[in-house]
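# Coordinate inspection notes
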2 protein chains.
Amino acid sequence: MSSTHTHSKKSQSLTKNQKIVLNLLQNSGEALKAYSILDSLKKEGLKSPLQIYRALDKLVELGKIHKIESRNSFIVCNNSNCASNTVFAICERCGNVKEIKNSDLSEGVKELVKKNRMNVTRYNLEFFVLCKSCKTN
Amino acid sequence: MSSTHTHSKKSQSLTKNQKIVLNLLQNSGEALKAYSILDSLKKEGLKSPLQIYRALDKLVELGKIHKIESRNSFIVCNNSNCASNTVFAICERCGNVKEIKNSDLSEGVKELVKKNRMNVTRYNLEFFVLCKSCKTN
DNA sequence: CACCTTTATGTTATATTATTACATATGTAA
DNA sequence: TTACATATGTAATAATATAACATAAAGGTG
Ligand SMILES: [Zn+2]
Ligand SMILES: [Zn+2]
Ligand SMILES: [Zn+2]
Ligand SMILES: [Zn+2]
């Protein structure tokens, strides 16, 4: 035993199911739905929706993934740290989702927040677009 | 007979069910869920989810109402014409939803769109806030 | 270590949200 | 009239998400 140096770093504290779900989302690179994730993970032993939703909830809470609200799907965070302020471009034709850095938006958002005296915790912006691939077809 | 003067104005072309649903949303003034709308309209003779969803779909399409994606609820449009570009403040504590004019946002959005070379059809921005009433309690 | 608390897991059942499929009716235009 | 598009009614079912409860693992305190 000796060095059972409990690597209890906060940063790698994902549990088994959380790791499995995160891996799938990372490897897929696209937005996935909960029940499609469940299907894909039957072989890993996960067999109930709740196992998926619990992992997803936690990963969202940790900022590792985001939920695409208008599509009930989930995608890995593309940025280092969104602080849960998210911007997506969602293709209306093929459903492709791409996360966008929100830096350019901050000024406009700040003004809007100030003018409306809002106590903003976070925000989520969804652009509905025709993606490059769909535009050329 | 005689004057069956078909009042076929495009502007008032809502159908019976569409009018009933829109009226309820207008009178309530708050965001409502489809099945709660259904419950409220049992007395008007609407009895299946599909009757509600069809009316809601059409009203959204016409821009009369909006869907709050993160809450699966619907609210009357608060502006004259959003062109389906919507901004909401959603209280995380009580669920209250308020539509916000998006004029101040346009510059930041335009830049973001330009920088990412997006072909944007429309957008939806959801601010998660602590509303005034909840802040004081 | 023993003890307690918190967090995660497994499992079943159920709630909530939304659509498919098909038959009928109504509105609009040539 | 005929044709076509749009709206309605109704039943069944699909897709998304949570409640409830039992058990297990992880973490902190003394
Ligand atoms: Zn992100
Ligand atoms: Zn596309
Ligand atoms: Zn509006
Ligand atoms: Zn509130």
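The text that follows walks through the structure, step by step, so that each part is easy to find. (Residues numbered from 1 in each chain as written. Chains lettered and ligands numbered in written order. Predicted model: local features only at pLDDT ≥ 70, side-chain atom pairs only at ≥ 80, totals over all residues. Heavy atoms only, no water.)

## Examining the protein's contact with DNA strand C
By nearness alone, 16 residues border DNA strand C, and Thr15, Gln51 and Arg54 of chain A together with Lys33 and Lys67 of chain B come closest of all. When atoms of DNA strand C within 4 Å of the protein are split into backbone and base, the sugar-phosphate part holds 48%. The side chain of Asn17 of chain A places a nitrogen or oxygen atom 3.0 Å from a phosphate oxygen of DNA strand C. Asn72 of chain B places a side-chain nitrogen or oxygen 3.4 Å from a phosphate oxygen of DNA strand C. Counting residues per element, the ones that place at least two in the surface near DNA strand C are helix 1 (16–28) and helix 3 (49–61) of chain A together with helix 3 (49–61) of chain B. The element that contributes the greatest number of residues to the surface near DNA strand C is helix 3 of chain A, accounting for four residues. Across the surface near DNA strand C, the residue classes break down as four nonpolar, six polar and six charged. (Near = heavy atom within 4 Å. Polar contact = N/O pair within 3.5 Å; in protein donor to acceptor, adjacent residues only side chain to side chain. Helix = DSSP H or I, 4+ residues; strand = E, 2+ residues; numbered from the N terminus. Nonpolar A, V, L, I, M, F, W, Y, C, P; charged D, E, K, R; others polar.)

## Focus on the interface of chain A and chain B
How big an interface is tends to be stated in terms of accessible area lost as the parts join. Contacts between chain A and chain B engage 30 residues on the former and 30 residues on the latter. Summing the contributions of chain A and of chain B, the shared interface buries around 3000 Å²; its carbon and sulfur component is 59%. Linking chain A to chain B there are two salt bridges. Where Glu92 of chain A meets Arg122 of chain B, a salt bridge forms, and the shortest distance between an N and an O atom there is 3.7 Å. (Contact = heavy atoms within 4.5 Å. Buried area = accessible area lost by both parts, 1.4 Å probe. Salt bridge = Lys/Arg side-chain N within 4 Å of Asp/Glu carboxyl O.)

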